[in-house]
Amino acid sequence: MSQQPQLISSVDPYVYQTLISIEGRLITVQTTNGSLQGMLESVMPAHIVLQVNETPFFVRIQQIVWVFPN
């Protein structure tokens, strides 16, 4: 019997809805690895895409500590 790996991820609906409400705005994001500032291009259940100086950064929502809309 072959078993396929399963992805299990918890989504915080409040963080997800907050991020969707500021999509398209300039934001600062504090992650567990430091902070980034850029345009919030898109929001997915597992990650966001932050455009920083024409470079897309894919940030896992689980790694976000706080977000500040500029």
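These numbers were taken from a predicted model, which means no experiment stands behind them.

1. Concerning the overall build of the protein
No. 1: What the protein contains, in helices and strands, is 1 helix and 5 strands.
No. 2: Counting helices and strands in the order they occur from the N terminus, the protein gives α-β-β-β-β-β.
No. 3: In terms of principal-axis extent, the alpha carbons of the protein reach across some 50 × 25 × 20 Å.
No. 4: Put simply, the protein has 70 residues, and 24% of those count as buried.
No. 5: Summarising the internal contacts of the protein: among those between residues at least 6 apart in sequence, 39% fall at separations of at least 24.

2. Some words on the sheet that holds strand S5 (residues 64–69)
No. 1: A sheet is described by the order of its strands in space; here 5 strands give the open sequence S4-S3-S2-S1-S5, paired in antiparallel fashion. The open sheet has two free edges, formed respectively by strand S4 (55–60) and S5, since each of these has just one partner strand. Strand-to-strand twist in this sheet, taken as the mean axis angle between neighbours without regard to direction, amounts to 45 degrees.
No. 2: As defined by bridge partners, strand S3 (residues 47–52) adjoins S4 across 6 bridges and the pair is classed as antiparallel. Bridging across to S4, valine 49 finds its partner in phenylalanine 58.
No. 3: Here helix H1 (residues 13–21) sits on the sheet and contacts strand S2 (34–43), S3 and S5; the angle it forms with S2, its principal contact strand, is near 75 degrees.

3. Let's talk about the environment of valine 67
No. 1: Tracing the sequence through the fold places valine 67 in strand S5.
No. 2: When the C-alpha atoms of valine 67 and glutamine 30 are compared, they prove to be 6.3 Å apart, with 37 residues separating the residues in sequence.
No. 3: Every residue in contact with valine 67, bar those within four places of it in the chain, is listed here: Leu19, Ile22, Ile27, Thr28 and Val29.

4. Some details on the nonpolar core
No. 1: Listed in full, the 12 residues of the largest apolar core are Leu19, Ile22, Ile27, Val29, Leu40, Val43, Ile48, Leu50, Val52, Val59, Ile61 and Ile64.
No. 2: Looking at this core, the elements that each hand over two or more residues are strand S1 (26–31), S2 and S3.
No. 3: Of the residues forming this core, the biggest block, 3 residues, is contributed by S3.

5. Remarks on a nonpolar patch on the surface
No. 1: Taken together, Val65, Trp66 and Phe68 make up a surface patch of nonpolar side chains, about 330 Å² in accessible area.
No. 2: Relative to the helices and strands, tryptophan 66 resides in strand S5.
No. 3: For tryptophan 66, a relative accessible area of 42% corresponds to the partly exposed category.

Reading the values: rules and limits
- Residues numbered from 1 in each chain as written.
- Predicted model: local features only at pLDDT ≥ 70, side-chain atom pairs only at ≥ 80, totals over all residues.
- Heavy atoms only, no water.
- Helix = DSSP H or I, 4+ residues; strand = E, 2+ residues; numbered from the N terminus.
- Buried < 20%, exposed > 50% of the residue type's maximum accessible area, 1.4 Å probe, protein only.
- Contact = heavy atoms within 4.5 Å.
- Pairing = 2+ DSSP bridges.
- Axes fitted to C-alpha atoms, helices over the stretch in contact; angles between N-to-C directions.
- Core = buried A, V, L, I, M, F, W, Y, C linked by side-chain atoms within 4.5 Å.
- Patch = residues over 30% accessible without salt bridge, like charges linked within 9 Å, V, L, I, M, F, W, Y side chains within 5 Å.
- Areas by Shrake-Rupley, 256 points an atom, 1.4 Å probe, with all protein chains shown as cover.
- Salt bridge = Lys/Arg side-chain N within 4 Å of Asp/Glu carboxyl O.

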